Amino acid sequence: MAEGSAELELFRRRWREELAAGGKKRRREAAEGPGGTGRDGSGCLALACGLLDGESPAPSSPPPARPCEEAAGEEADDLLGQLIRDLNEINEVPFFDVHLPYELALKIFQYLGKAELGKCAQVSRTWKVLAEDEVLWYRLCQQEGYLLDVSISERPCWKLALKDCRAKERALRTNWKNRSGAVSQLQYELGKILCDVHSCDGVVIAGYTSGEVRLWDTRTWDYTAPILEPVQGPGDAGPQPHVSFVRINSSLAVAAYEDGTVSVWSLMIGREPIHRYQHNQRIHALALGSKGATVATASGFEVKMESPDDRGFWQTTGTFEIQKLVNFLHLVPEVWDSPVAVAAAEDVVYLLKVEDPGKILHSVYGQPVTCLDVSAHEAAFGVKGFGWILNEPNQVLLYNLETSQCLKKLGNSMGDFTCVNLQDSPPNMLVTGNKDRRVRVYDLRRSEALCSLYAHRLGVSAVQMDDWKIVSGGEDGLVCVWDQRMGTKLWEMHARHPVRYVWFNSHSLITANIPDEKTPRGASIMDDDLTAHRRHRGIIYAYEFSVDQLAVESVLPICRSSYDEVMGYNYNISLAVPYDHI
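Residues numbered from 1 in each chain as written. Predicted model: local features only at pLDDT ≥ 70, side-chain atom pairs only at ≥ 80, totals over all residues. Heavy atoms only, no water.

Q: Where do I start with the pairing of strand E26 (residues 460-465) in this structure?
A: Within a regular strand, side chains alternate between the sheet's two faces. The buried count for E26 comes to 6 of 6 residues, which makes it a mostly enclosed element. The loop that links E26 with its antiparallel partner strand E27 (residues 469-474) comprises 3 residues. (Buried < 20%, exposed > 50% of the residue type's maximum accessible area, 1.4 Å probe, protein only. Helix = DSSP H or I, 4+ residues; strand = E, 2+ residues; numbered from the N terminus. Pairing = 2+ DSSP bridges.)

Q: Help me out: how do you make sense of the nonpolar core in this one?
A: Within soluble globular proteins, side chains that are nonpolar tend to cluster in buried spots. Core analysis: the biggest nonpolar cluster contains 20 residues, and Phe109, Leu117, Ala131, Trp137, Leu147, Trp158 and Leu162 have the highest contact counts within it. Mapped by element, the contributors of at least two residues to this core are helix H4 (102-109), helix H5 (114-120), helix H6 (125-131), helix H7 (134-143) and helix H8 (158-178). Not counting residues within four places of it along the chain, the set of residues in contact with Trp137 comprises Lys114, Leu117, Ala131, Glu132, Trp158, Lys159 and Leu162. (Core = buried A, V, L, I, M, F, W, Y, C linked by side-chain atoms within 4.5 Å. Contact = heavy atoms within 4.5 Å.)

Q: What is the right way to read the pattern of salt bridges from this model?
A: Opposite charge on two side chains permits them to pair, given that their charged atoms come into close proximity. In total, this model carries 19 salt bridges according to the counting rule given. Taking the shortest distance from any N to any O, the salt bridge between Arg282 and Glu258 comes out at 3.0 Å. One end of the pair, Arg282, is in the loop between strand E9 (275-278) and strand E10 (283-288); the other, Glu258, is in the loop between strand E7 (252-257) and strand E8 (261-266), with 24 residues separating them in the sequence. Residue classification places Arg282 among the partly exposed positions, given a relative accessible area of 40%. In this structure, the salt-bridge partner of Asp443 is Arg445, at a minimum N-O distance of 3.2 Å. Taking the relative accessible area as the measure of exposure, Asp443 reaches 5% and is therefore buried. A relative accessible area of 56% places Arg445 in the exposed class. (Salt bridge = Lys/Arg side-chain N within 4 Å of Asp/Glu carboxyl O.)

Q: What exactly am I supposed to notice about the packing of aromatic side chains here?
A: To describe a pair of aromatic rings, you give the distance between the ring centres and the angle between the ring planes. One pass over the structure, following the stated rule, counts 10 aromatic pairs. When the ring of Trp176 is compared with that of Phe504, the centres are 5.8 Å apart and the planes differ by 65°; the resulting orientation is edge-to-face. Pair noted here: Trp176 is in helix H8 and Phe504 is in strand E30 (residues 499-504), with a separation of 328 residues, a long-range link. Owing to a relative accessible area of 1%, Trp176 belongs among the buried residues under this scheme. You can call Phe504 buried: its relative accessible area is 6%. A ring pair is formed by Trp491 and Tyr543, whose centres lie 5.8 Å apart and whose planes are at 50°; its orientation type is tilted. Taken as a pair, Trp491 in strand E29 (residues 488-494) and Tyr543 in strand E32 (residues 539-544) lie far apart in primary sequence, 52 residues in all. Taken individually, Trp491 and Tyr543 each receive the classification buried, so the pair is uniform in this respect. Linked through ring pairs, Trp176, Trp491, Phe504, Tyr541, Tyr543 and Phe545 together constitute an aromatic cluster. (Phe/Tyr/Trp six-rings, centres within 6.5 Å; stacked < 30°, edge-to-face > 60°.)

Q: I keep staring at the packing of H7 against H8 and nothing clicks. Help me out?
A: Geometry of a packed helix pair, given as the angle between the helix axes and the separation of the axes. Packing of H7 against H8 brings their axes to within 8 Å, and their N-to-C directions diverge by 25°. On the basis of their axis angle, the class for H7 and H8 is roughly parallel. Crossing of H7 against H8: the hand is left-handed. Touching Glu134, Trp137, Tyr138, Leu140 and Cys141 of H7 are Trp158, Lys159 and Leu162, all from H8. (Axes fitted to C-alpha atoms, helices over the stretch in contact; angles between N-to-C directions. Parallel < 35°, antiparallel > 145°, perpendicular 65-115°, else oblique. Left-handed = near helix turned anticlockwise from the far one by under 90°.)

Q: What is the right way to look at the UniProt feature "repeat: WD" (unreviewed entry) in the protein chain in this model?
A: Under the UniProt annotation, "repeat: WD" (unreviewed entry) lies at residues 453-483. Its end C-alpha atoms 10 Å apart, residues 453-483 is made of 0% helix and 65% strand. (UniProt positions renumbered as here; feature names shortened; annotations may be inferred.)

Q: Would you explain a nonpolar patch on the surface in this entry?
A: On the surface, Met268, Ile269 and Ile274 cluster together into a nonpolar patch covering about 350 Å² of accessible area. With respect to the secondary-structure elements, Ile274 resides in the loop between E8 and E9. Residue classification places Ile274 among the partly exposed residues on the basis of a relative accessible area of 36%. (Patch = residues over 30% accessible without salt bridge, like charges linked within 9 Å, V, L, I, M, F, W, Y side chains within 5 Å. Areas by Shrake-Rupley, 256 points an atom, 1.4 Å probe, with all protein chains shown as cover.)

Q: Mind showing me how you'd approach the environment of Lys168 here?
A: Mapped onto the elements of the fold, Lys168 is located in helix H8. For Lys168, a relative accessible area of 56% gives the class exposed. Through-space distance from the C-alpha of Lys168 to that of Ser546 is 8.5 Å; in sequence the pair is 378 residues apart.

Q: Looking at this structure, I do not really get the sheet that holds strand E24 (residues 438-443). What am I missing?
A: The 4 strands lie next to each other as E22-E23-E24-E25, forming an open sheet whose pairing is antiparallel. In this open sheet, the two strands that pair with only one neighbour each are strand E22 (417-421) and strand E25 (448-454). Strand-to-strand twist in this sheet, taken as the mean axis angle between neighbours without regard to direction, amounts to 20°. Here E24 pairs with E25 via 6 bridges, running antiparallel. Opposite Arg438, over in E25, you have Tyr454 as the bridge partner.

Q: Quick question: what am I supposed to make of the side chain of Thr511 here?
A: Positionally, Thr511 belongs in strand E31 (residues 508-513). Leave out the neighbours within four places in its chain, and Thr511 touches Val479, Tyr501, Val502, Ile539, Ile540, Tyr541 and Tyr543.

Q: What am I meant to see in the sheet that holds strand E1 (residues 182-186) here?
A: Note: strands within a sheet are paired through backbone hydrogen bonds, in either parallel or antiparallel orientation. Taken in spatial order, the 4 strands make up an open sheet running E1-E32-E31-E30, and their pairing is antiparallel. Lying at the two open borders of the sheet, with one neighbouring strand each, are E1 and E30. If you compare each strand with its neighbour and ignore which way they point, the axes differ by 15° on average. Two strands pair when backbone bridges link them, and E30 and E31 are joined in this way by 5 bridges, in the antiparallel orientation. Counterpart to Trp503 in the pairing with E31 is Ile510.

Q: How should unusual backbone geometry be read in this particular structure?
A: Glycine aside, the phi torsion of most residues is negative, and most peptide linkages are trans. Positioned with a positive phi, Glu334 is a non-glycine residue whose angle comes to about 60°. By the secondary structure assignment, Glu334 is in the loop between strand E14 (328-331) and strand E15 (340-345). Even without being glycine, Glu346 reaches a positive phi, approximately 60°. Checked against the element boundaries, Glu346 lands in the loop between E15 and strand E16 (348-353).

Q: Would you explain the confidence of the model for the protein chain in this entry?
A: Atomic detail in the predicted coordinates should be set aside for any region of low pLDDT. Here the protein chain averages 80 in pLDDT, while 74% of its residues score no lower than 70. Residue range residues 65-69 is modelled with pLDDT below 50. Its contacts to residues more than four positions away, or to other chains, number 2 contacts. In the model, residues 560-582 has pLDDT below 50 throughout and makes 29 contacts with residues more than four positions away in sequence or in other chains. (pLDDT = per-residue confidence, 0-100.)

The following block contains the structure:
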């Protein structure tokens, strides 16, 4: 307060000096002018000086009109205008009384958010220039996750870019809630029955009972989906074995077959596999690194890890002997030096490192593991308790992979936990699905359920969440989208077979209904009628909620077929919206 009073007194003293100098000049001009009366408007000057001294003017009746009244009014207007102009030119606000360099001031402003920068831009012209600097708004865009792969020189106005990104995000959220967008069915009739589905950033891979593996790129609908061809050996005559598992990441695609064969394709090279190896028994689990090139498979009582060396030659980096059959297998993400895997074999959970022998992470006899998921530093898995006999319900256990210690015990349910998602969930959050028909969201900091949603009447089979919504799939073939904060169902879609795969990002959703019966009654290897068992094949749905593509612009699958495809029931037509170009 003392500094503010001193600055005000300094301002008043300077202004009195300017008023005195102006008064002397006007008096001199009035005395020298022809017919001048020498009047200098001393009443207006006295009024201004009184205002500067902090005095309030006393109300008085207007004086009688005089010949010099108009001249005095003009002097008062000039005085008031000059005062306003001088105040607008004052940029020495208290924070910048000491003249800071622009870079240092910018360093201070980078700790402010959008609302604070907007308020600072209203202080003065100097602060407005600082608050609208491109470096500050580019940094805010990066902090909120927008345009991460764009450099600062590629956009002329980053404040406007951030505004557009937030508007698109709001539009996407509205489209999600209202189910506004395009939906497409990814089908491959020659593949017979769908066996397994996986995706990565919109690229979908599917394996079929015919032994074929097919890719779709849902980001570009005019992309021709290739068929990944397996390596045929000299003794591989006859029908190909069924595909058991498929996995894909940004660079590789992997498929495991019923006869124990594993084929690895590179998405950058072509349709021919770049690596192939064989197990003696049927493969029970398959895992692929999220960003690396490590493949892990479990067959019988053996877990094998394969990865390329520095020259690109594939080799076996680790082999582990497990005493029980592996049910679930995951590779720990963000591990670059040596691969680390987590395997669940009945009631034992193993931590497998290449340089170390297999380590038991959790083991309780008679309590089998029902689901598993891993993140960079933690592993979450559902454990089936002894039930009503020992009053021990089913729980989800959270372990630290570095210390091998149990961090949390979540849940208190009589139903088995059938699915858990830790890697794709927000920080300190976990979502699970249960046989008791409920989807539960847990806060790992408080070890309690934030919400419990009654979802599917036959149990939950797949689930994923982000910061505001939950997508769940059930054994009844129903896909439900929920608002997490409100705890309400937004919409649902139904198909014939159980939902075995759910994946989504900000603008798209991919679901897969995979039948449990791979050889339905009446099906035959020699059956050439592709329409006889269409309802038994399973289906993949791809939803697109982006603002650029609306539901009326969605092209039906029948209109995306070409003449060279051999399909019996789509009439071999190729149409474009809204008219055909045959």
